[in-house]
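# Structure assessment
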Amino acid sequence: MKTTHPDQGLIKKKQLAALLGGAPRTVDQWSSRRWIPVIAPTRRLHLFEAEEVRQALKERFGIPAEEVRL
């Protein structure tokens, strides 16, 4: 299986949670509240683009992207 750097392409929910230092359930809550962008090709598969999540967190919480530490 080919792995890519988290800042390149789409990543899965567990990978995003690991980057954020949180739980996959937190990512679920944020995406269901539409705080972060999500691509859901199926009901079970949720994909995220790290840079878009970084930008969404910056806009919502006013934290510069460098401080988000994805």
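See the structure printed just above.
First things first, this report covers the structure right here in the doc. (Residues numbered from 1 in each chain as written. Predicted model: local features only at pLDDT ≥ 70, side-chain atom pairs only at ≥ 80, totals over all residues. Heavy atoms only, no water.)

## A few points about the pattern of salt bridges
Our working definition: For this document, the term salt bridge refers to a Lys or Arg side-chain nitrogen within 4 Å of an Asp or Glu carboxyl oxygen. Put simply, DSSP marks the helices as runs of H or I at least four residues long and the strands as runs of E at least two long, and each gets a number from the N terminus on.
This model, assessed by the stated rule, comprises three salt bridges. Across the salt bridge formed by lysine 13 and aspartate 28, the nearest N and O atoms sit 3.1 Å from each other. Residue lysine 13 is found in helix H1 (residues 13–20), and its partner aspartate 28 is found in helix H2 (residues 24–32); the two are separated by 15 residues along the sequence.

## Overview of the packing of aromatic side chains
Under the convention used in this document: Aromatic pairing here means that ring centres of Phe, Tyr or Trp (its six-membered ring) are within 6.5 Å. Orientation follows from the plane angle: under 30 degrees is stacked, over 60 is edge-to-face, and everything else is tilted. Only protein chains enter the accessibility calculation, which uses a 1.4 Å probe. A residue is then buried if its area is under 20% of the maximum for its type, exposed if over 50%, and partly exposed in between.
Under the defined criterion, the tally for this structure stands at one aromatic pair. Pairing tryptophan 35 with phenylalanine 61 gives two aromatic rings, centres 6.0 Å apart and planes at 85 degrees, and the pair type is edge-to-face. Of the two residues, tryptophan 35 sits in the loop between H2 and strand S2 (47–48) while phenylalanine 61 sits in helix H3 (residues 50–61), which places them 26 residues apart along the sequence. Its relative accessible area of 26% is what places tryptophan 35 among the partly exposed residues.

## Side note on the environment of glutamine 55
With respect to the element layout, glutamine 55 can be found in helix H3. When the C-alpha atoms of glutamine 55 and isoleucine 36 are compared, they prove to be 8.7 Å apart, with 19 residues separating the residues in sequence.

## Some points on the side chain of serine 31
This is how the line gets drawn: Identification of polar contacts relies on pairs of N or O atoms within 3.5 Å, with a donor-acceptor requirement for protein atoms, meaning one able to donate a hydrogen and the other able to accept it, and with residues adjacent in sequence counted only if both atoms are side-chain atoms. For this analysis, residues touch if any pair of their heavy atoms sits within 4.5 Å.
For serine 31, the location among the structural elements is in helix H2. Polar side-chain contacts of serine 31 include one of 3.0 Å to the backbone oxygen of aspartate 28. The residues contacting serine 31, other than those within four sequence positions of it, are Ile36, Val38 and Phe48.

## Regarding unusual backbone geometry
Backbone geometry at arginine 34 places phi at a positive 65 degrees, although glycine is not the residue there. You can see arginine 34 is positioned in the loop between H2 and S2. For arginine 34, a relative accessible area of 74% puts it in the exposed group.

## With respect to the environment of lysine 13
Lysine 13 gets classed as partly exposed once you look at its relative accessible area, which sits at 24%. For the pair lysine 13 and aspartate 28, spaced 15 residues apart in sequence, the C-alpha separation works out to 7.9 Å. In this view, lysine 13 contacts Pro24, Val27, Asp28, His46 and Phe48; residues no more than four positions away in its chain are not counted.

## Here's the deal with the nonpolar core
Keep this limit in mind: Buried Ala, Val, Leu, Ile, Met, Phe, Trp, Tyr and Cys residues that are joined via side-chain atoms within 4.5 Å together make up what is termed a nonpolar core.
If you look at the biggest cluster of nonpolar residues, it comprises eleven residues: Ile11, Leu16, Ala17, Val27, Trp30, Ile36, Phe48, Ala50, Val53, Ala56 and Leu57. For this core, the secondary-structure elements that each account for two or more residues are H1, H2 and H3. No other element matches the four residues that H3 contributes to this core.

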